[in-house]
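Secondary and tertiary structure notes
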Amino acid sequence: MNLTSISKSEAARYMGIKGKPDSQIREILDRAEKTVRENVKPKYVYREAPISFTADGVKVEGMSAPLTGKDIVKHLSGCNKVIILAATLTGDADKLIRQTGINGMAEALAVDCLCSAAVEQVCNRAEEEIFSHTDTAYRTWRFSPGYGDLPLELNKDILVYLNAARRIGLTVTEDSLLIPSKSVTAIIGISDKPVQKGARGCAVCNMRDRCAFSGSGGCGRNN
């Protein structure tokens, strides 16, 4: 997968810029956007599986751990299948951020924020590609571990389920954080009937009280 462009307006918002960036910031973003596109190698992997609702949570066929918490149960209400997705910009993104830091913090921040915007675009593109050849009538938006009461620890089980370490080089730390850092795991519900799309983004994020993006459109996750 190649990115033909990355949203510089989204990256500017991640940088904490309100309104239109000034000419200096635009120049930095233009330069950094080209650098990111030329250096990252986006990848994704997914599996589609039937689900069942049990007393222990939502059971995904073939996955060892259930999806636990009331938020994911509500999110998948009415669904009979899920897509389990993992996407990454690979370790090239982390390397690029470190290398750019040598040239100055502004450049490094721009690259970092462009990478954050880029991985969400990769998820959007992945979702478009997946559902262009998946027979489904209705689907939910993406829901990631760490949102609401869906445990972040689920990342470990998702990566095992997808064999993501071998397939796209995606691993997890002891604290359940993804490595490379510019990576995402997500769950998308599938149904043959209309699904109720409830609260999303900041409304279900357990970091909303401490996040700089809360109330300003969110951080881009949970699309």
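Residues numbered from 1 in each chain as written. Predicted model: local features only at pLDDT ≥ 70, side-chain atom pairs only at ≥ 80, totals over all residues. Heavy atoms only, no water.

Time to look at the overall build of the protein. A count of helices and strands for the protein gives seven helices and seven strands. Element order for the protein, N to C, with α for helix and β for strand: α-α-β-β-α-β-α-α-β-α-α-β-β-β. Considering only contacts in the protein between residues 6 or more positions apart, those separated by 24 or more positions represent 76%. Total accessible area on the protein is roughly 11300 Å²; 49% of this is exposed by carbon and sulfur atoms. (Helix = DSSP H or I, 4+ residues; strand = E, 2+ residues; numbered from the N terminus. Contact = heavy atoms within 4.5 Å. Areas by Shrake-Rupley, 256 points an atom, 1.4 Å probe, with all protein chains shown as cover.)

At their nearest, the axes of helix H2 (residues 23-39) and helix H5 (residues 105-132) sit 9 Å apart, and the two run at 55 degrees to each other. The orientation of H2 with respect to H5, classified from their angle, is oblique. Where H2 crosses over H5, the handedness of that crossing is right-handed. Facing Ile28, Leu29, Arg31, Ala32, Glu33 and Val36 of H2, the residues of H5 in contact are Ala106, Glu107, Ala110, Val111, Leu114 and Cys115. Counted by class, the contact of H2 with H5 contains nine nonpolar, no polar and three charged residues. (Axes fitted to C-alpha atoms, helices over the stretch in contact; angles between N-to-C directions. Parallel < 35°, antiparallel > 145°, perpendicular 65-115°, else oblique. Left-handed = near helix turned anticlockwise from the far one by under 90°. Nonpolar A, V, L, I, M, F, W, Y, C, P; charged D, E, K, R; others polar.)

Bringing helix H6 (residues 154-162) into the picture now. Among the residues of H6, Leu154, Asn155, Ile158, Leu159, Tyr161 and Leu162 are the ones counted as buried. What you see down the axis of H6 is that its buried residues fit within an arc of 160 degrees, all on one side. Asparagine 163 occupies a position one or two residues after H6 and carries a positive phi of about 50 degrees. (Buried < 20%, exposed > 50% of the residue type's maximum accessible area, 1.4 Å probe, protein only. Arc of directions from axis to C-beta.)

It is worth spelling out the confidence of the model for the protein at this point. The share of residues in the protein with pLDDT of 70 or more is 88%, and the mean pLDDT across the chain is 88. Confidence drops under a pLDDT of 50 for residues 210-221, and excluding neighbours within four residues, the segment shows 25 contacts in the predicted structure. (pLDDT = per-residue confidence, 0-100.)

Enumeration over the complete set of coordinates arrives at zero disulfides. Cysteine 113 forms no disulfide, and the closest cysteine sulfur to it belongs to cysteine 115, at a distance of 9.3 Å. With relative accessibility at 5%, the residue cysteine 113 sits in the buried group. (Disulfide = S-S within 2.5 Å.)

Turning next to the packing of aromatic side chains. A complete count under the given rule lists two aromatic pairs for this structure. Ring plane angle 25 degrees and centroid distance 6.5 Å describe the contact between tyrosine 44 and tyrosine 46, whose orientation is recorded as stacked. Assessed through its relative accessible area of 25%, tyrosine 46 is described here as partly exposed. A cation over a ring is seen here: arginine 139 above phenylalanine 131, with NZ or CZ 4.2 Å from the ring centre. (Phe/Tyr/Trp six-rings, centres within 6.5 Å; stacked < 30°, edge-to-face > 60°. Lys NZ or Arg CZ within 6 Å of the ring centre and 35° of its normal.)

For residues other than glycine, phi is negative in most cases, and the peptide bonds are mostly trans. Here the residue pair isoleucine 179 and proline 180 is connected by a cis peptide bond, since its omega of 5 degrees sits within 30 degrees of zero. Positive phi values are uncommon outside glycine, yet asparagine 163 reaches one of about 50 degrees. In this structure, asparagine 163 sits in the loop between H6 and helix H7 (164-168). You will see that serine 176, though not glycine, has its phi angle at about 70 degrees, which is positive. Looking at the element boundaries, serine 176 is found in the loop between strand S5 (171-172) and strand S6 (178-179). The exposure class assigned to serine 176 is buried, which follows from its relative accessible area of 1%.

One face of the sheet, then the other: side chains in a regular strand alternate in exactly this way. Alignment of strand S1 (residues 43-54) against strand S2 (residues 57-60), held across four bridges, turns out to be antiparallel. From the neighbouring strand, threonine 54 faces S2, where its bridge partner is glycine 57. Here S1 hands over to S2 after two residues, the two strands then running antiparallel side by side. (Pairing = 2+ DSSP bridges.)

Turning our eyes to something else, we now look at the sheet that holds strand S4 (residues 138-139). Across the sheet, which stays open at both edges, the five strands sit in the order S2-S1-S3-S7-S4 with antiparallel pairing between neighbours. The sheet terminates laterally at S2 and S4, the two strands that pair on one side only. As paired elements, S4 and strand S7 (residues 183-191) share two bridges and run antiparallel to each other. Bridged to arginine 139 within S7 is isoleucine 190.

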